Structures are given as structure tokens and as C-alpha cells.
Amino acid sequence: MTPESLMRRAIALSMEKMQSGSGGPFGAVIARNGEVVAEGWNQVTSSADPTAHAEVVAIRRACQALGRFDLRDCEIFTSCEPCPMCLGAIYWARLGRIWYANDRRDAAAIGFDDDLLYREIPLPLTERSLPTQRLLADEARAAFDAWMSKPDKVAY
């Protein structure tokens, strides 16, 4: 399949699943060598899960289909520029390329203010709109120390 046909599938998913009541108008396709590995669509409202964005759902399904957490030989086609959460998930999955259609300003124009999160991230913690405070860092360090000395850890 071509990049255009894969993007058209992501766009079709965004429309079909939004109209069926699954969630917002967002769809995603993960492909490897032009073949679909997995599809995802927004399921935030239908699953009562604020993390069930199209890209995250597609990543979860692709990892399950391939039996691994590394998708570096895959690409994602998403009907909208990924929000910061999805962008983080895409980086963690090591996807090789992002293709998107609508952008964050298009999403903001219809009430999805992903751009707010993009504006918040570079701010110092003390200036963000969500209060953030560090607590028990010394106690938490024990888990990190144990990880560092764990001989059978699987690095990712």
C-alpha cells in the first residue's frame, strides 16, 4: 500500500468510528513495508479510558500482533498530529516515521486543545497549570538502584 492509501485508511477509521460512537474523530494505522500491522481509533469515551487515543490503541495492537515492544521497522499514519501523550508513546515504541493529516491547530478549532499540552511541557514545573510536587525521592531511589543492579533486566 502507498502512504496515501494508508493515510486514507486512518482518515476513514476516524470518520467511521467517530460516527459509530466509539470516540473522537481520530484514526491511526501502523504499517510495515506498506502492509497494515494494526489499526486504532479513539476509544476515550466508549472505554472510559483517557489514554485510549487512536495512536496508543494502534501501538498496543501492533505490539501484540508482532509480539514485541519495539516497532522501529514500522510507520504510523494518523489522521491528526499526535498529542504529546501519543508522541511520547510513538517515541517509546521506536516507530520509524510519523505521517499525519490534520494538525494540532485543526484539532484545537474543533475543541481538542492538544496545543495546550504542547505549550505546558516546556514550562518550568512551578509555572504549569497542574500543580506538581516532588515527594519521597530518596525512598523511591531504591527501586532505581535495584534496577541498575538487576542482572536479567530487559533494556528498552
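Residues numbered from 1 in each chain as written. Predicted model: local features only at pLDDT ≥ 70, side-chain atom pairs only at ≥ 80, totals over all residues. Heavy atoms only, no water.

Asks: Please give an account of helix α4 (residues 84-93) that cites residues and values.
Replies: Looking at α4, one finds that the buried residues are P84, C86, I90 and A93. Among the structural elements, α3 (54-66), β3 (75-80), β4 (97-102) and α6 (114-120) are those in contact with the buried residues of α4. Phi turns positive one or two residues past the end of α4, at R94, with a value near 65°. (Buried < 20%, exposed > 50% of the residue type's maximum accessible area, 1.4 Å probe, protein only. Helix = DSSP H or I, 4+ residues; strand = E, 2+ residues; numbered from the N terminus. Contact = heavy atoms within 4.5 Å.)

Asks: How would you summarise the layout of surface pockets if you had to cite specific residues and measurements?
Replies: Taken as a whole, the largest pocket encloses approximately 250 Å³ of empty space. Around the largest pocket sit 18 residues that line it, and F26, N42, H53, F112 and D114 are the ones nearest its centre. Broken down by secondary-structure element, the contributors of at least two residues to the lining of the largest pocket are α2 (44-47), α3 and α6. The residue makeup of the lining of the largest pocket, split by class, is ten nonpolar, five polar and three charged. (1 Å grid on protein atoms, 1.4 Å probe; cavity = no way out; pocket = protein on both sides within 12 Å on 5 of 7 lines; lining within 4 Å. Points joined across faces, edges and corners; volume = space filled by probe spheres on them. Nonpolar A, V, L, I, M, F, W, Y, C, P; charged D, E, K, R; others polar.)

Asks: Explain the packing of aromatic side chains to me, using residue names and the numbers behind them.
Replies: Any two aromatic rings considered together are summarised by their centre-to-centre distance and by the angle between their planes. Tallying each qualifying case throughout the model produces three aromatic pairs. The interplanar angle of 90° and the centroid separation of 4.9 Å between the aromatic rings of F26 and F112 together place this pair among those described as edge-to-face. Highlighted residues: F26 in the loop between α1 (3-19) and β1 (27-32) and F112 in the loop between α5 (104-109) and α6, separated in sequence by 86 residues. Note on F26: relative accessible area 12%, which makes it buried. On the accessibility criterion, F112 (30% relative accessible area) is partly exposed. Between F69 and Y156, the ring centres sit 6.2 Å apart and the planes meet at 75°, which makes this aromatic pair edge-to-face. One end of the pair, F69, is in the loop between α3 and β3; the other, Y156, is in the segment after α7 (137-149), and 87 residues separate them in sequence. Judged by its relative accessible area of 48%, F69 is partly exposed. For K17, the ring lying beneath its charged end belongs to W41, and the centroid distance is 4.2 Å. When the ring centre of Y118 is taken as reference, the NZ or CZ atom of R104 above it lies at 3.7 Å. (Phe/Tyr/Trp six-rings, centres within 6.5 Å; stacked < 30°, edge-to-face > 60°. Lys NZ or Arg CZ within 6 Å of the ring centre and 35° of its normal.)

Asks: Could you give an account of α7, with specific residues and numbers?
Replies: Between its first and last C-alpha atoms α7 spans 19 Å; for 13 residues at 1.5 Å apiece the expected length is 18 Å, and the two agree. For α7, the tally of buried residues reaches only zero of 13 residues, placing the bulk of the element at the surface. (Expected span 1.5 Å × (residues − 1).)

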